[in-house]
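One-letter residues, chain by chain:
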Amino acid sequence: MQSRARRLTIMLGLVGGLLAAGYGALFAMLDDIRDEYGISESALGGVIGIGFIAGFVAQTTIAPLADRGHARRLVVMGLVINVVSLVAMAAATTIVPLLLGRFVMGIGVGMAVPALRRIVILADPDDIGRNLGRLLSADVAGFAAGPAIAAVLVGPLGIPAPFLVTAAASAIAVPFIARIDVSETVEPPTQRLAFDLLRIRPFAGAVALGCAVFLMIGTFDALWSVALDDLGTAEWIANLGISLFALPLVIFGSTGGRLAQRVGPFRVATVGLLLGSGFMLMYGLVPTGVAMFAIAMVHSVSDGLTVSSTGVAVGLVVPVERQAGAQGVLGGMQVLVAGVTAVIAGITYDHAGRTVAYTVCAILMFTLVGVGVWLARDQFGVRGDPEANAAAPPAVAAAD
């Protein structure tokens, strides 16, 4: 069973990496798109933001269908839809087609990712941590590969090339994924959506902790390059920092997931996020960009070992037949928080400066950690087998 689950996780990790690579390429080419097509920065911000909105919608409304016997179908459809979005963005030269393409991309990714996680969780419940960590590693690796693909292809072949190459690789993967054998639900849940799961206190706590992670990510992504530039730091340091920050997430993803399952995901997430809030505070206080870079290298190792914990926590405290819906609610709330945070962080930075922007992020993270720990208090030490934990009364007790 473990060897089969390992092969399945590798295949689905490849899908996750392909889904992430398209966005990574888009993220890296924003300046090229601006210069080549004359699209403003604010309009390009809308392109990024609409994808977050689409992801929220798909993860909360479409992804629960994976719990009703359609997990493999959602993965295949999500991959196909992502191919369509990449081709559309390759052909786009104005803002409206780019917006439509990015919106479709958000739908495709949003419907596939929770289904991926559900399949992996049910394939090997005893090793949920390591396998979810492997999915995280593949996702980050795919995102990091996107800019590399863009760097190689944009110069000689133009902006459409990275989109088309990623689309071709995704299309090749479709028939292989369509034939995988997965465990589908025998008795699907009666609920169409999954927001009712928020009545489970530990699940609500895991969502709060997961939102703290993406509050941090939204702030980091929005301010990193701007803050370093304003501190007079060389551009190569900012670019190198982004690449190196992703590396520990790829290397330590499975290790961090295994650690979360063994020690307890709420414990690991709490420690990681408290450290993360401290790092965010330090970004606002240090006097140089080089110091920010040094902090980021330590921060990245901490995140690499801890950020998969919230997904593991959800897998352990939610009934197995509701895994896709639960992962969809978690992911949907996370992308929504990231999108809103990026806008607010930029406004705060413009009007109040670097120290205030990062300090606000640290305080909000600390607050969400406190809320998450309080909600998860009955299952704070949960670890091990998701089927056994989800069956325990404290794990599924509804809030009064």
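Predicted model, so just to flag it, every value in this text is computed and none were measured.

Asks: Looking at this structure, I do not really get the overall build of the protein chain. What am I missing?
Replies: Looking only at helices and strands, the protein chain has 15 helices and 0 strands in total. Since a compact globule built from 400 residues should have a radius of gyration of about 21 Å, the 20 Å found for the protein chain is in line with a globular shape. The principal-axis extents of the C-alpha atoms in the protein chain amount to approximately 55 × 45 × 35 Å. Buried positions account for 53% of the 400 residues belonging to the protein chain. For the protein chain, the share of sequence-separated contacts (at least 6 apart) that also reach a separation of at least 24 residues comes to 86%.

Asks: So what exactly am I meant to see when it comes to the packing of helix α5 (residues 95-123) against helix α6 (residues 128-157) here?
Replies: The packing of two helices is summarised by the inter-axis angle and the distance between the axes. For the pair α5 and α6, interaxial distance at closest approach is 9 Å and the crossing angle is 150°. Here α6 runs roughly antiparallel to α5, going by the angle between their axes. Between α5 and α6 lies a crossing of right-handed hand. For the pair formed by α5 and α6, the contact residues are Leu-116, Arg-117, Val-120 and Ile-121 on the first element and Ile-128, Asn-131, Leu-132 and Leu-135 on the second. Here the contact of α5 with α6 is built from residues that sort into 6 nonpolar, 1 polar and 1 charged.

Asks: Would you explain the packing of aromatic side chains in this entry?
Replies: When we look at a pair of aromatic rings, we describe it by the centre distance and by the angle of the planes. According to the stated counting rule, one finds 6 aromatic pairs in the structure shown. Aromatic rings pair up to connect Phe-220, Trp-224, Phe-245, Tyr-283 and Tyr-358 into one cluster. One residue, Arg-102, lies across the ring of Phe-52, its end atom 6.0 Å from the ring centre. A cation sits over an aromatic face here: Arg-377 above Trp-374, 4.3 Å from the ring centre.

Asks: What's the story with the environment of Arg-6 in this structure? I'm lost.
Replies: Locating Arg-6 in the fold gives a position in helix α1 (residues 2-28). For the pair formed by Arg-6 and Asp-124, sequence separation is 118 residues and the distance between their alpha carbons is 8.7 Å.

Asks: Would you mind going over the pattern of salt bridges with me for this structure?
Replies: Note on pairing: side chains with opposite charge can pair once their charged atoms come close. Counted by the stated rule, this structure contains 5 salt bridges. Salt-bridge contacts for Asp-35 lead to Arg-34; the nearest nitrogen and oxygen are separated by 3.1 Å. Between Arg-130 and Asp-127 there is a salt bridge, with the nearest N and O atoms lying 3.0 Å from each other. Through salt bridges that share partners, Asp-196, Arg-199 and Arg-322 make up one connected network.

Asks: In this structure, what is going on with a nonpolar patch on the surface? I would like to understand it.
Replies: Together, Leu-336, Val-340, Val-343, Ile-344 and Ile-347 make up a nonpolar patch on the protein surface, roughly 420 Å² of accessible area in all. Tracing the sequence through the fold places Ile-344 in helix α13 (residues 323-352).

Asks: Any chance you could explain the nonpolar core here in plain terms?
Replies: Across soluble globular proteins, you tend to see nonpolar side chains buried next to one another. If you look at the biggest cluster of nonpolar residues, it comprises 86 residues, and the most contacted ones within it are Leu-12, Phe-203, Trp-224, Phe-266, Tyr-283 and Met-292. Setting aside anything within four residues of it in sequence, one finds Phe-266 in contact with Pro-202, Gly-205, Ala-206, Leu-209, Ala-313, Val-317, Ala-376, Gln-379, Phe-380 and Val-382. Among the nonpolar cores identified, the runner-up in size contains 24 residues, and Met-29, Leu-30, Met-105 and Ala-150 belong to it.

Asks: Explain a negative patch on the surface here, please?
Replies: Together, Asp-31, Asp-229, Asp-230 and Glu-235 make up a region of like negative charge exposed at the surface. Position of Asp-230 among the secondary structure elements: in helix α8 (residues 201-230). For Asp-230, a relative accessible area of 51% corresponds to the exposed category.

Asks: Help me understand the environment of Gly-16, please; the structure alone is not making it clear to me.
Replies: Within the fold, Gly-16 resides in helix α1. Since its relative accessible area comes to 11%, Gly-16 is described here as buried. Among residues more than four places away in sequence, those in contact with Gly-16 are Leu-116 and Asp-139.

Asks: Is there a simple way to explain the side chain of His-299 in this structure?
Replies: Inspection of the secondary structure assignment puts His-299 in helix α11 (residues 289-306). With a relative accessible area of 0%, His-299 lands in the buried category. Sequence-distant contacts of His-299, defined by excluding residues within four places in its chain, comprise Met-216, Phe-245, Gly-276, Phe-279, Met-280 and Tyr-283.

The rules behind these values
Residues numbered from 1 in each chain as written. Predicted model: local features only at pLDDT ≥ 70, side-chain atom pairs only at ≥ 80, totals over all residues. Heavy atoms only, no water. Helix = DSSP H or I, 4+ residues; strand = E, 2+ residues; numbered from the N terminus. Rg over C-alpha atoms; globule rule 2.2 N^0.38 Å. Buried < 20%, exposed > 50% of the residue type's maximum accessible area, 1.4 Å probe, protein only. Contact = heavy atoms within 4.5 Å. Axes fitted to C-alpha atoms, helices over the stretch in contact; angles between N-to-C directions. Parallel < 35°, antiparallel > 145°, perpendicular 65-115°, else oblique. Left-handed = near helix turned anticlockwise from the far one by under 90°. Nonpolar A, V, L, I, M, F, W, Y, C, P; charged D, E, K, R; others polar. Phe/Tyr/Trp six-rings, centres within 6.5 Å; stacked < 30°, edge-to-face > 60°. Lys NZ or Arg CZ within 6 Å of the ring centre and 35° of its normal. Salt bridge = Lys/Arg side-chain N within 4 Å of Asp/Glu carboxyl O. Patch = residues over 30% accessible without salt bridge, like charges linked within 9 Å, V, L, I, M, F, W, Y side chains within 5 Å. Areas by Shrake-Rupley, 256 points an atom, 1.4 Å probe, with all protein chains shown as cover. Core = buried A, V, L, I, M, F, W, Y, C linked by side-chain atoms within 4.5 Å. Lys, Arg positive; Asp, Glu negative; His and termini not counted. Charge placed at Lys NZ, Arg CZ, Asp CG, Glu CD.

Everything listed here is a matter of coordinates, which is why it stays silent on function.
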